Amino acid sequence: MAIKTILIIEDDRFIGEMYVRSLKKAGYEIDWMVDGNDGLIAARNKPYDLILLDVMLPERRGTEILEALRGGAEDLIPNTKVLILTNFEQDDESRLAMEKNADGYLIKAEITPSKLISVITQLDKPA
Amino acid sequence: MAVTEPQKFAKDFWPYFNKVVTTVIVFSQLIILVTTAAILFMFNFLSTNLLAFICILAAQLVLGIVSSIFLYKLAAQPLKDLLAAIIHISGEPTATTPPNPNDERFDKSGFKDVLQTIYELASKDNTPAGVISSTPANGAVVAPTAQVAIPTTSPTAMIEAALNETSCGFVVMNHDRKITFSNKAAPINIDAQGVTSLSLMFNGQETLDAWLEDCDKNAVHAERTWSRIPNKLPEEEDRRFFDVIASYDKGAESEIVLTLIDRTSLYAVGEQELDFIAFAAHELRGPITVIRGYLDVLEDELKDVLKDDQHELFRRLTVSANRLSGYINNILNTSRYDRRHLNLRLGETTVTEVYDTIRDDMDLRASAQNRLLTVNIPADLPKIAGDPASLSEVFGNLIDNAIKYSNEGGSINVGASTKGDLVELTIEDHGIGMPASVIGNLFQKFYRSHRSRETVAGTGIGLYISKAIVESHGGTISVRSEEGRGSTFIVSLPTFQSVADKLKAGDNSNKGLIDQGSGWIKNHSMYRG
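The model shown is predicted, which means the values in this text are computed figures rather than measured ones. (Residues numbered from 1 in each chain as written. Chains lettered and ligands numbered in written order. Predicted model: local features only at pLDDT ≥ 70, side-chain atom pairs only at ≥ 80, totals over all residues.)

Draft legend 1. Fine view of the overall build of chain A. A count of helices and strands for chain A gives five helices and five strands. Walking chain A from its N terminus toward its C terminus, one meets helices and strands in the order β-α-β-α-β-α-β-α-β-α. Here chain A, with 127 residues, has 35% of them falling under the buried criterion. Taking as baseline every contact in chain A between residues at least 6 positions apart, the subset at least 24 positions apart corresponds to 57%. (Helix = DSSP H or I, 4+ residues; strand = E, 2+ residues; numbered from the N terminus. Buried ≥ 20, exposed ≤ 12 C-beta atoms within 10 Å, placed from the backbone. Contact = placed C-beta atoms within 7 Å.)

Next comes the structure, spelled out in structure tokens:
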């Protein structure tokens, strides 16, 4: 299953546009949501191949979104991969909780768009 | 404190007094003897009646000495008993039993009342009623034998009560490192078996245990101070910070004495500052993400438009943004480390894998600054137990330093090899090097040599955090350097196999690792191997 559709939940306009621009250029279909509530609704309504999830978000934090999608008895997005993208590293517990439900945890400042694309390509490979 | 110099005790008075009196008796008898002999000689006894002469002198000598000593003993006995009673109530270490007022001889002579008065005075003076549960920690004071009027209070109890009043912690240990005394303020743990242990979290490898081990080997008397040592992990309740002063006195009953000064309120401000630094550094990451990201995007989109020299400008921008990002990671990790928050996730990896994550960045940095970076890491090195993100930070710091402290066009060689249970990474430059006097301080926080402060920019935390990270892996970092010739930094990391073996030996819990003494993998419990 190749990754084709991507949902970006990111409140920083500069960063959001940067990802949209380079990922679109790389051939992905992108939806971008700025706040946590909209992000969660979008993730529920449409089966994306990948969600890029920020942690510090207005309305609803990334941790809550992930919990709502994957924390319950049923995985609401079984066919979706999730990459956490954050600049504010969490303390161990919440980070552990997130890593358990996500496919990757990346520091935004360390990931340039081209590196992000190579990470996404890597995600594709084992599947 | 252990008594190191001979000290005057009340008990020392009697032997001294005894000696003086005996000497005086002997001398005075000799003088009497000589005088008698002279008188007898004048009356011609020596020549006319030699036998009488000798008999008189002998009788004089023997009777004189015996009677003097008898009189002396009789007169001095009450003094001796008084002294014994005083020695006892002073709590001095002694092997004699205190005089018992109920003894028949005291009763007869009336000395009983004197003794009782002394004991009563002592018990009135000493302590408020009720706090007399005297349990001398080291048994130095002979406990009074069960006798009626002998008080149980001693200055030891008084001092113990006083020590429990202060906010300073005191801990005394014997040669076997068993805690023989600790006051109320001391941060100690008593486990289910009733074993008392210190609860202090020393930094890295500079632990009390390591120092004591060193003392056992090399020292007779030693003293050392640590500052800002917490007793608990962050976020644990009632976490306190201590400055710890340890004194070591080989062979003494109280071989180790720790004084712990509670500095929690003083350092609390520092904690907040560290929080602030961490917060500020996180904030900086936002703009950096944008700068690095847009440079990446732009360079790609403009690659056909830009002229060569413009490409070079772009590369410089990228290199600078990458370095900035590295420095922010240094700051964040230093703040984490200082708050005991640095969590490493050790996993099976290789030096090559770690280096690959920064290879492009390092190549770019070296070429943008005109250095020849050659990397020669053999592919068949054993795997290491490492946290790739932190280790790449260490390698990046060392290569960044090599670039900084070498000259335009200089070569930097990165190599790796196996040394027993360790994999060694070496970073060698042929730059300005440094004198031996600098090396000793090199890994200290904020340390910058006089010269580097003038000529090269930097914060002085790169090597500090690098050392912390490497030691948290159970490894070591060291440096060889010659002024004017360059420096070689050596990072030694344990192989994955050796760490896994230790883990197995520790019943699959991290306890075994923690007990290795280097404090590594201390506050994280996920060893993913």
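Next, the rest of the story.
Draft legend 2. Just the overall build of chain B, in detail. What chain B contains, in helices and strands, is 16 helices and 14 strands. A burial count over chain B gives 27% of its 529 residues as buried. Here the analysis covers contacts within chain B between residues at least 6 apart in sequence; of these, 66% occur between residues at least 24 apart.

Draft legend 3. A look at the nonpolar core. All names here are of chain B. Judged by nonpolar contacts, the single largest core of 42 residues is most densely connected at Phe395 and Ile399. Top contributing element to this core by residue count: helix α11 (residues 388-404), with seven residues. Beyond its immediate chain neighbours, meaning those up to four positions away, Phe395 contacts Val354, Tyr355, Ile358 and Leu425. (Core = buried A, V, L, I, M, F, W, Y, C linked by C-beta atoms within 7 Å.)

Draft legend 4. Molecular detail of the sheet that holds strand β7 (residues 256-262) of chain B. All names here are of chain B. Spatial ordering of the open sheet is given by β2-β1-β7-β6-β5, a layout of five strands whose pairing is antiparallel. Strands at the two margins of the open sheet, each flanked by one partner only, are β2 (179-182) and β5 (221-230). Ignoring strand direction, the axes of neighbouring strands in this sheet form an average angle of 15°. Where strand β1 (residues 169-173) lies against β7, five bridges are found, and the strand directions are antiparallel. For Val171, the partnering residue across the bridge sits in β7 and is Leu258. Across the sheet, helix α7 (residues 208-218) lies against β5, β6 (241-249) and β7, angled at about 15° from β6, the strand it touches most. (Pairing = 2+ DSSP bridges. Axes fitted to C-alpha atoms, helices over the stretch in contact; angles between N-to-C directions.)

Draft legend 5. Focus on the pairing of strand β3 (residues 50-54) of chain A. All names here are of chain A. In terms of burial, β3 is a largely internal element, five of the five residues being buried. Going residue by residue along β3, you find Leu50, Leu52 and Asp54 tucked away on one face and Ile51 and Leu53 tucked away on the opposite face as well. Relative to β3, strand β1 (residues 5-9) runs parallel, the two being bridged by four bridges. By the bridge assignment, Ile6 is partnered in β3 with Leu50. As for the winding sense of the linkage, the β-α-β connection from β3 through helix α3 (residues 62-71) to strand β4 (residues 81-86) is right-handed. (Right-handed = clockwise from strand over helix to strand, strands pointing away.)

Draft legend 6. Local environment of the interface of chain B and chain A. Contact with chain B, which involves 15 residues of that partner, is made by 15 residues of chain A. Element by element, the count of residues in the side of chain B that touches chain A is highest for helix α8 (residues 264-301) of chain B, at twelve residues. Its residues assigned to classes, the side of chain B that touches chain A comprises four nonpolar, seven polar and four charged. (Nonpolar A, V, L, I, M, F, W, Y, C, P; charged D, E, K, R; others polar.)

Draft legend 7. Quick look at the packing of helix α9 (residues 308-338) of chain B against helix α14 (residues 462-472) of chain B. Residues and elements named next belong to chain B. Two numbers describe how α9 lies on α14: the axes approach to 10 Å, and their chain directions differ by 55°. With respect to each other, α9 and α14 are oriented oblique. Crossing of α9 against α14: the hand is left-handed. Here Asn330, Asn333, Thr334 and Tyr337 of α9 lie close against α14, whose contacting residues are Gly462, Tyr464, Ile465 and Ala468. Grouping the constituent residues of the contact of α9 with α14 by class yields four nonpolar, four polar and no charged. (Parallel < 35°, antiparallel > 145°, perpendicular 65-115°, else oblique. Left-handed = near helix turned anticlockwise from the far one by under 90°.)

Draft legend 8. View of the sheet that holds strand β11 (residues 411-419) of chain B. Residue and element names in this part refer to chain B. With respect to topology, five strands assemble into an open sheet ordered β9-β11-β12-β14-β13, the strand pairing being mixed. Looking at strand neighbours, the two that pair on one side only are β9 (372-376) and β13 (476-482), the edges of this open sheet. Taken over all neighbouring pairs, the strand axes of this sheet differ in orientation by 15° on average, direction set aside. Where β11 meets strand β12 (residues 422-429), eight bridges bridge the pair, whose relative direction is antiparallel. If you follow Asn413 over to β12, its bridge partner there is Glu428. Packed on one face of the sheet, helix α10 (residues 351-368) meets β9, β11 and β12 and runs near 165° to β9. Here α11 sits on the sheet in contact with β11, β12 and β14 (486-494), set at roughly 25° to β12.

Draft legend 9. Just the packing of helix α2 (residues 36-45) of chain A against α3 of chain A, in detail. All names here are of chain A. Here α2 crosses α3 at 25°, and the two axes come no closer than 10 Å. Considered as vectors, α2 and α3 are oriented roughly parallel to each other. The way α2 lies across α3 gives a crossing that is right-handed. Across the interface between the two elements, Gly36, Gly39, Leu40 and Ala43 from α2 touch Glu64, Ile65, Ala68 and Leu69 from α3. Residue composition of the contact of α2 with α3, by class: five nonpolar, two polar and one charged.

Draft legend 10. Here's a closer look at unusual backbone geometry. Non-glycine residue Glu59 of chain A carries a positive phi angle of around 70°. Its place among the elements puts Glu59 of chain A in the loop between β3 and α3. Phi angles above zero are rare outside glycine, and Arg228 of chain B is one such case at about 60°.

Draft legend 11. Spotlight on the confidence of the model for chain B. Residue and element names in this part refer to chain B. Taken residue by residue, chain B gives an average pLDDT of 80. The fraction at 70 or more is 84%. Counting contacts from residues 127-149, a segment whose pLDDT is below 50, to residues more than four positions away or on other chains yields 41 contacts. Contacts of residues 507-529 to residues separated by more than four positions or lying in other chains number 52 contacts, the stretch itself having pLDDT below 50. (pLDDT = per-residue confidence, 0-100.)

Draft legend 12. Focus on the environment of Leu364 of chain B. Residue and element names in this part refer to chain B. Position of Leu364 relative to the elements: it lies in helix α10. For Leu364, a count of 16 C-beta atoms within 10 Å gives the class partly exposed. Separated by 46 residues in sequence, Leu364 and Thr318 have C-alpha atoms that sit 8.5 Å apart. If sequence neighbours within four positions are ignored, Leu364 has contacts with Arg315, Thr318 and Val319.

Draft legend 13. Here's a closer look at the environment of Asp124 of chain A. Residues and elements named next belong to chain A. Tracing the chain through its elements places Asp124 in helix α5 (residues 113-124). Residue Asp124 is classed as partly exposed on the basis of its C-beta count, with 15 C-beta atoms lying within 10 Å. C-alpha separation for the pair Asp124 and Ile3, spaced 121 residues apart in sequence, amounts to 6.4 Å. Here Asp124 is in contact with Ala2 and Ile3, once residues within four sequence places are set aside.

Draft legend 14. Quick look at the environment of Phe276 of chain B. All names here are of chain B. In this fold, Phe276 is placed in helix α8. For Phe276, a count of 11 C-beta atoms within 10 Å translates into the label exposed. The sequence separation of Phe276 and Ser335 amounts to 59 residues, and the corresponding C-alpha distance is 9.5 Å.

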